[in-house]
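Each chain, letter by letter, is given below.
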Amino acid sequence: MRYAVSEEDRQWAEQVWGKLEVKLKAECGRIGSSIPYIPVNGVYSDMGEKSLVWWTNGFWSGMLWQMYHATQEKLYKETAEQVEIRLDQGLADYMGLDHDVGFLWLHTAVANYRLTGNPRSRIRGLHAAGILAGRYQPAGGYIRAWNEGQEGIAIIDCLMNLPLLYWAAAERKDAGLKQIAVSHAQMALRHILRPDGSCNHLVVFDPETGEYLNNPGGQGYESGSSWTRGQSWAIYGMALSYRYTGDREYLDAAKRVAHYFIANAALNDYEVVIDFRAPEQPVYYDTTAAVCAACGLLELAEAVGDYEKPLYVKAAVRLLRKIGEKFCEWDPEQDSIVSHGSGRYHRESDREVPIIYGDYFFLEGILRLLDKHLMIW
Ligand code: GLY
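Residues numbered from 1 in each chain as written. Predicted model: local features only at pLDDT ≥ 70, side-chain atom pairs only at ≥ 80, totals over all residues. Heavy atoms only, no water.

Colleague: Please give an account of the pattern of salt bridges that cites residues and values.
Modeller: Counted by the stated rule, this structure contains 26 salt bridges. Notably, a salt bridge pairs Arg 122 with Glu 171, separated by 2.7 Å at the nearest N-O pair. Of the two residues, Arg 122 sits in helix H6 (residues 119–133) while Glu 171 sits in helix H7 (residues 162–172), which places them 49 residues apart along the sequence. Classification of Arg 122 by relative accessible area gives partly exposed; the value is 23%. Take Glu 171: its relative accessible area is 23%, and that puts it in the partly exposed class. Across the salt bridge formed by Glu 325 and Arg 321, the nearest N and O atoms sit 3.4 Å from each other. Of this pair, Glu 325 and Arg 321 both sit in helix H12 (residues 309–326), 4 residues apart, roughly one helical turn. (Salt bridge = Lys/Arg side-chain N within 4 Å of Asp/Glu carboxyl O. Helix = DSSP H or I, 4+ residues; strand = E, 2+ residues; numbered from the N terminus. Buried < 20%, exposed > 50% of the residue type's maximum accessible area, 1.4 Å probe, protein only.)

Colleague: Describe the site of the ligand, listing the residues and the values that go with them.
Modeller: Surrounding the ligand, one finds Trp 55, Asp 157, Gln 219, Trp 227, Arg 229 and Trp 233. In this structure, an oxygen atom belonging to the ligand sits 2.9 Å away from a side-chain N or O atom of Gln 219. A distance of 2.7 Å separates an oxygen atom of the ligand from a polar atom in the side chain of Arg 229. Here the ligand loses 94% of its free accessible area of 200 Å² to cover by the protein chains. Residues of the shell around the ligand, tallied by class, amount to 3 nonpolar, 1 polar and 2 charged. (Near = heavy atom within 4 Å. Polar contact = N/O pair within 3.5 Å; in protein donor to acceptor, adjacent residues only side chain to side chain. Areas by Shrake-Rupley, 256 points an atom, 1.4 Å probe, with all protein chains shown as cover. Nonpolar A, V, L, I, M, F, W, Y, C, P; charged D, E, K, R; others polar.)

Colleague: Please set out the nonpolar core residue by residue, giving values where relevant.
Modeller: By size, the foremost hydrophobic cluster in this structure holds 141 residues, and its most contacted members are Leu 20, Leu 165, Leu 319, Phe 361, Phe 362 and Trp 377. A per-element tally of this core places helix H11 (residues 287–303) first, with 11 residues. The contacts of Leu 319, once residues within four sequence positions are left out, are Phe 261, Ala 265, Tyr 270, Val 272, Ala 290, Ala 293, Ala 294 and Leu 297. Counting 5 residues, the second-largest nonpolar core is a separate cluster that includes Ala 145, Ile 153, Ile 155 and Leu 202. (Core = buried A, V, L, I, M, F, W, Y, C linked by side-chain atoms within 4.5 Å. Contact = heavy atoms within 4.5 Å.)

Colleague: Could you give an account of helix H4 (residues 74–93), with specific residues and numbers?
Modeller: Taking 1.5 Å per residue as the helical rise, H4 with its 20 residues ought to reach 28 Å, and the 30 Å between its terminal C-alpha atoms agrees with that figure. Those residues of H4 that sit buried are Tyr 76, Thr 79, Ala 80, Val 83, Glu 84, Leu 87, Gly 90 and Leu 91. (Expected span 1.5 Å × (residues − 1).)

Colleague: Can you explain the sheet that holds strand S4 (residues 202–205)? Please cite residues and give values.
Modeller: In sheet architecture, strand pairing relies on hydrogen bonds along the backbone and comes in two forms, parallel and antiparallel. Taken together, the 3 strands give an open sheet; going across it, the order is S3-S4-S5, and neighbouring strands pair in antiparallel fashion. Lying at the two open borders of the sheet, with one neighbouring strand each, are strand S3 (153–155) and strand S5 (212–214). Across the sheet, the mean angle separating the axes of adjacent strands is 40° when strand polarity is ignored. Taken together, the 3 bridges between S3 and S4 define a ladder with antiparallel strand orientation. Each residue of the ladder has a partner; that of Ala 154, found in S4, is Val 203. The strands that helix H8 (residues 175–191) touches are S3, S4 and S5; relative to S4, the one it contacts most, it runs at about 100°. (Pairing = 2+ DSSP bridges. Axes fitted to C-alpha atoms, helices over the stretch in contact; angles between N-to-C directions.)

Interpretation in functional terms is not warranted from these geometric data alone.
In structure tokens form, the structure reads like this:
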């Protein structure tokens, strides 16, 4: 086994996998190619009807491809193909697209291409990569996150979009695409990650000169605090940049953030809050940060030697087990699985609710433990 998990933990993961199969088969039959985000009273609506380019719109497809890869059941593949075709309109409309084209098309077209070799999917992925590359700001050396009026902002989350560029660079033998990804990762090391392993959400540059301006709080509590999902993106994102470049600076950065994350999560019995440096009360959980960090820790475990592996694997298992034991809804009649996910600290409507990416990373984490996952990133 890839991670050498204990027999007891493997059995636990098998048990959870059994429940995931039942739940996701029912959910797939019910919601098909509509695009889920946050359910209300256990019922998803179709986010695709409101916006085809919302950054989370790929995760359901990512879950479907994970399920197809693990089970070979055609229903999952056919449904994922329908989601991919729906997103074509978002690609064509173009205007609302931002740096999250990575989250959107890695989980749809690129996943399809990796599994089936579909040439149309390859083109979609390359097209999305071109859009991502076009957001590069040479003054400052970063990929801008958002659109008009926000050209100077880069965010930690973008590390998870970089694999689209690494993939496209390899597909097209285009070193320029890889250099853009590397430049952004280097910028994140210099301006978003802190020496103690914590990190900010945002960094702001003067877009004309590239001069560093400041680090506002973004989705975390405030500037100087530690938005937990941002730490998760940093662990996973830096480990991925190491996977695609072999540059040890990224591996060391991923370890640094991982050690900071594990220390903070352990202090709270692996129940992860939205911001590690928010006031102790009120307590707001963010299970999405926990499951994303768990996947990042497992990615990191693959990159290190045998002496180092157990720390990351055991911490990932503890995070996933805490979610499985305390934060899961297994009724197949209810949409969504992982409860208490949070989008941001200061917005009540997306605080402590089930969110589709919580389910995605929980599924990826369980499949990783069983060595059945598809490498989507
Ligand atoms: N934009 C990604 C996130 O909210 O984590």
